[in-house]
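# Summary of the model geometry
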Amino acid sequence: MEDTGNWSCNANDAVQIALVQPGEAKPTVLSTFHPQFTYPIFGDDEEIFGYRGLIIRLRFAAHDLRPHIHISYDEKFKAVEDATPLDLIATLKPFSHEDAFSTLPEYEAAMQNDENTKDFTPPGKLVHSYASKDNRQYEIWAGSLADPEVRRIIDRAQILVSFFIEGGTPIETDDPEWTLERWTVYFVYEKLATPPPTASPYSIVGYSTTYRWWYFQTGALQTRTVSEGPFPLPEARISELPARLRIAQFLILPPHQGSGHGTHLYNTIHTACCNDPTIMELTVEDPNEAFDVLRDTADFHMLRPKFLHHQVTINADPYAGQTRIPRSRTVPTNALLPMNLLQDIRTSLKIDTTQFAHILEMFLLSQIPTKHRVSGGASMARLLVKKHKAEDPHDRRYYWWRMLVKQRLYKRHRDTLVQLDHDERVQKLDETLVNVEEGYSALLEAFLEREKKLEAQEGSADAGTLGRDQRVKRKFTVQDDEDEEDHDQESAKRPKV
Ligand SMILES: CC(=O)SCCNC(=O)CCNC(=O)[C@H](O)C(C)(C)COP(=O)(O)OP(=O)(O)OC[C@H]1O[C@@H](n2cnc3c(N)ncnc32)[C@H](O)[C@@H]1OP(=O)(O)O
């Protein structure tokens, strides 16, 4: 029997993705890159058995993502009993658009002869444009998934979600129109200054899918009114009911990553939420670590000037003027922070509660000089004895900062924590607090670094990026998740009613 050991190859290496555009005689390649993950298609080991010199080339038209799959190899394993080469077409079919399986000459002819290509504009409406440091032009377009042109591009792009978003799944695009209307897709395109004569100036950079998720308004129920209108009343459109906007998929293609496009895309979605009176909050479905960093960075830069303007800080003397200090263990939150003002800032900027708490905690920590924090060598033993009676106001602020964070963590994870005995609970909260503080400190350092960089590049419009080695991880011992409602999510990111 033939040795089967040498017949396996790494699927991430074998798959090559190329963005192409019509050229003089045949399509030309704008960029090539490999997938980050292939396990949803080829299994956990991300290996393909039965070929030598295998290349699976996925071409996408840079403007409308017209797809093509071309498979080539040097040798194929001759099947022996159960050992058969993987059926590549059958494996790829469920993840690929049907148009991808034409012959290469057919695909190239379709690309070269499409009269509409040069006049292509992305579907939807232009919502934002910007230039990069080297003066390349970019545009962000937004359109409803009910628009067939938006659906066409999304249907063709679905395989990219499996390739680049861990745990990401394609969205259902054949649902009824009323539910598709809940989805808005944001496309980021580069607008090439001098495309070839038959090519489109637009070349895809990334995209994000978002959907409206019903928002239950506690307390603020609308006052009932008697309608004088004809019966039956006009149908309520789902796209006009109060909702949270939830980011489902968010992808910047590898050749464009780390250049600020993700930040532009996120800020554009956030601005759209602020401008839409029917959207109450912006939330994110299963964000990964890289997205969390992007979001924290963008939100911190948006909120920090507001906090500074209102001089938000922890009141170091919450018991001032009280003759007797209460013996209860509750944290005097209302005396420590201007809660009404903070609530107004949060709701006006439509940031969800947990995310706002993270950014606020990070900001409050940044107001306490490092030497008064544990990371700067402050004595915890001393602080735990002195508590809110410490002489230095920064030490008192730091004490209250820790209490406020613990309080939030406790409320959020109460169900898990109450199951532990007292000592274990205290230990778990302490560990989590240490991790949260470390995560915030690292992010704050990165912000500081960026500000220094910005100052150094005075006059330049673009912030540039930090090296990947300076990027930080968010570390939480107790899972610090987004929304309670996420727990009953279906695994697929599909329209939900
Ligand atoms: C809801 C979801 O879909 S979660 C899945 C998110 N998508 C993915 O992971 C797919 C693959 N990756 C991507 O699409 C992109 O790299 C994104 C969306 C994560 C980031 O977009 P980019 O355009 O690369 O980010 P951008 O250049 O604007 O960087 C913004 C900040 O995000 C952070 N960041 C960006 N990429 C990473 C990364 N890989 N790891 C950690 N932090 C990162 C950095 O703090 C960066 O700030 P800096 O510029 O000062 O370093």
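Look up a bit, the structure's there.
What this report covers is the structure whose coordinates are included nearby. (Residues numbered from 1 in each chain as written. Predicted model: local features only at pLDDT ≥ 70, side-chain atom pairs only at ≥ 80, totals over all residues. Heavy atoms only, no water.)

## Here we look at a nonpolar patch on the surface
Rules: To count toward a patch, a residue needs a relative accessible area over 30% and no salt bridge; like charges are then connected within 9 Å, while nonpolar side chains (Val, Leu, Ile, Met, Phe, Trp, Tyr) are connected within 5 Å. Reported accessibility uses the Shrake-Rupley method at a 1.4 Å probe radius. Residues are deemed covered only where the shown protein chains occlude them. The salt bridge criterion pairs a side-chain nitrogen of Lys or Arg with a carboxyl oxygen of Asp or Glu, the two atoms within 4 Å. Helix and strand definitions here come from DSSP, where helices need a minimum of 4 consecutive H or I residues and strands a minimum of 2 consecutive E residues; each element is numbered from the N-terminal end.
Among the surface-exposed residues, Trp 214, Phe 216 and Leu 241 lie close enough to one another that they form a single nonpolar patch of about 370 Å² accessible area. Looking at the element boundaries, Trp 214 is found in strand E12 (residues 202–214).

## Some points on the sheet that holds E12
Short version of the rule: Strands are treated as partners if at least two bridges between them are detected by DSSP. Axis definition: a line fitted to C-alpha atoms, limited for helices to the stretch in contact. Angles are taken between N-to-C directions and run from 0 to 180 degrees. For this analysis, residues touch if any pair of their heavy atoms sits within 4.5 Å.
In space, the six strands of this open sheet follow the order E9-E10-E11-E12-E13-E14, with mixed pairing throughout. The open sheet has two edge strands, strand E9 (125–131) and strand E14 (279–284), and neither has a second partner. Each neighbouring strand pair of the sheet contributes to a mean axis angle of 25 degrees, computed without reference to strand direction. Pairing of E9 with strand E10 (residues 137–144) involves six bridges; the strand directions are antiparallel. Its bridge partner lying in E10, His 128 is registered against Ile 140. Across the sheet, helix H8 (residues 289–309) touches strand E13 (243–252) and E14, and the angle it forms with E14 is around 140 degrees.

## Observations regarding the layout of surface pockets
Our working definition: For each structure, a 1 Å grid was placed over the protein atoms alone; sets of points admitting a 1.4 Å probe that cannot get out are labelled cavities, open sets with protein on both sides within 12 Å along at least five of seven lines are labelled pockets, and lining residues have an atom within 4 Å of a point. Grid points are joined across faces, edges and corners, and a volume is the space filled by probe spheres set on the points. We call Asp, Glu, Lys and Arg charged. Ala, Val, Leu, Ile, Met, Phe, Trp, Tyr, Cys and Pro are nonpolar, and the rest, Gly among them, are polar.
Of the pockets and cavities examined, the second largest pocket occupies roughly 1,100 Å³. Lining the second largest pocket are 27 residues; nearest its centre among them are Arg 329, Thr 330, Val 331, Tyr 399 and Met 403. Contributions of two or more residues to the lining of the second largest pocket are made by helix H12 (380–386), helix H13 (393–412) and helix H15 (422–456). Counting residues per element, the lining of the second largest pocket draws most heavily on H13, which supplies eight residues. In terms of residue class, the lining of the second largest pocket is made up of 12 nonpolar, five polar and 10 charged.

## What about the packing of H8 against H15?
Note the cut-off: Small angles under 35 degrees read as roughly parallel and large ones over 145 as roughly antiparallel, with 65 to 115 read as roughly perpendicular and the rest as oblique. We call a crossing left-handed when the near helix sits turned anticlockwise from the far one by less than a right angle, and right-handed when that turn is clockwise.
Following both chains from N to C, one finds H8 and H15 inclined at 65 degrees, their axes separated by 11 Å at the closest point. In terms of orientation, H8 lies roughly perpendicular with respect to H15. Between H8 and H15 lies a crossing of right-handed hand. Between H8 and H15, the contacting residues are Val 293, Asp 296, Thr 297, Phe 300, His 301 and Arg 304 on the first element and Leu 443, Leu 444, Phe 447, Arg 450 and Glu 451 on the second.

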